[in-house]
Amino acid sequence: MKVRYFAWVRERVGKPEEELEPPAAIATVADLMTWLAGRGEEYAHAFENPKVIRAAIDRAHVRPDAAIVGAREIAFFPPMTGG
């Protein structure tokens, strides 16, 4: 699956996107964030407070308990404000 990072999540991870194949035990968005946080210091920094990070699966906003099976793209971004 393609994982995309936006705004300060991208800055902390150090890349805009990557192709990943998480282990089969990773079933939800929350599981994926936990797994990503364990991939290195930059990921740990990006996902240190997962409650503030928003996610989208195949361009549809989802909650952290959303299943990721079959997802082609998952995007992570910080909360957005209008302006």
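Our structure's up above, just so we're on the same page.
The model shown is predicted, which means the values in this text are computed figures rather than measured ones. (Residues numbered from 1 in each chain as written. Predicted model: local features only at pLDDT ≥ 70, side-chain atom pairs only at ≥ 80, totals over all residues. Heavy atoms only, no water.)

Overview of the overall build of the protein chain
For step 1, the next point in the chain: Of regular secondary structure, the protein chain possesses three helices and five strands.
For step 2, the next point in the chain: N-terminal to C-terminal, the α/β element order of the protein chain is β-α-β-α-α-β-β-β.
For step 3, the next point in the chain: Taken against the 2.2 N^0.38 rule, which gives 12 Å for 83 residues, the C-alpha radius of gyration of the protein chain at 12 Å falls within 12% of a compact globule.
For step 4, the next point in the chain: With the C-alpha coordinates of the protein chain rotated into their principal frame, the extents come out at 35 × 30 × 20 Å.
For step 5, the next point in the chain: When each of the 83 residues of the protein chain is scored for burial, the buried share is 35%. (Helix = DSSP H or I, 4+ residues; strand = E, 2+ residues; numbered from the N terminus. Rg over C-alpha atoms; globule rule 2.2 N^0.38 Å. Buried < 20%, exposed > 50% of the residue type's maximum accessible area, 1.4 Å probe, protein only.)

Quick notes on the environment of R63
For step 1, the next point in the chain: Along the polypeptide, R63 turns up in the loop between β4 (60-62) and β5 (73-77).
For step 2, the next point in the chain: With a relative accessible area of 62%, R63 lands in the exposed category.
For step 3, the next point in the chain: Between the alpha carbons of R63 and T28 there is a distance of 9.2 Å; along the sequence they are 35 residues apart.

Quick look at unusual backbone geometry
For step 1, the next point in the chain: The phi angle at A7 is positive, at roughly 55°, despite the residue not being glycine.
For step 2, the next point in the chain: Checked against the element boundaries, A7 lands in helix α1 (residues 7-13).
For step 3, the next point in the chain: One non-glycine residue, D58, lies in the positive phi region at around 45°.
For step 4, the next point in the chain: In this structure, D58 sits in the loop between β3 (54-57) and β4.
For step 5, the next point in the chain: For D58, a relative accessible area of 30% puts it in the partly exposed group.

Topic: the sheet that holds strand β1 (residues 2-5)
For step 1, the next point in the chain: As summarised here, the arrangement of the five strands in space is β2-β1-β5-β3-β4, forming an open sheet in which the pairing is mixed. This sheet does not close on itself; its edge strands, each paired only once, are β2 (17-19) and β4. Within this sheet the neighbouring strands show an average axis-to-axis angle of 25°, counted without direction.
For step 2, the next point in the chain: Note that β3 and β4 share three bridges and pair antiparallel. Paired with A55 across the bridge in β4 is V62.
For step 3, the next point in the chain: Each of β1, β3, β4 and β5 is contacted by helix α2 (residues 29-37), which is oriented at about 70° to β5, the strand it contacts most. (Pairing = 2+ DSSP bridges. Axes fitted to C-alpha atoms, helices over the stretch in contact; angles between N-to-C directions. Contact = heavy atoms within 4.5 Å.)

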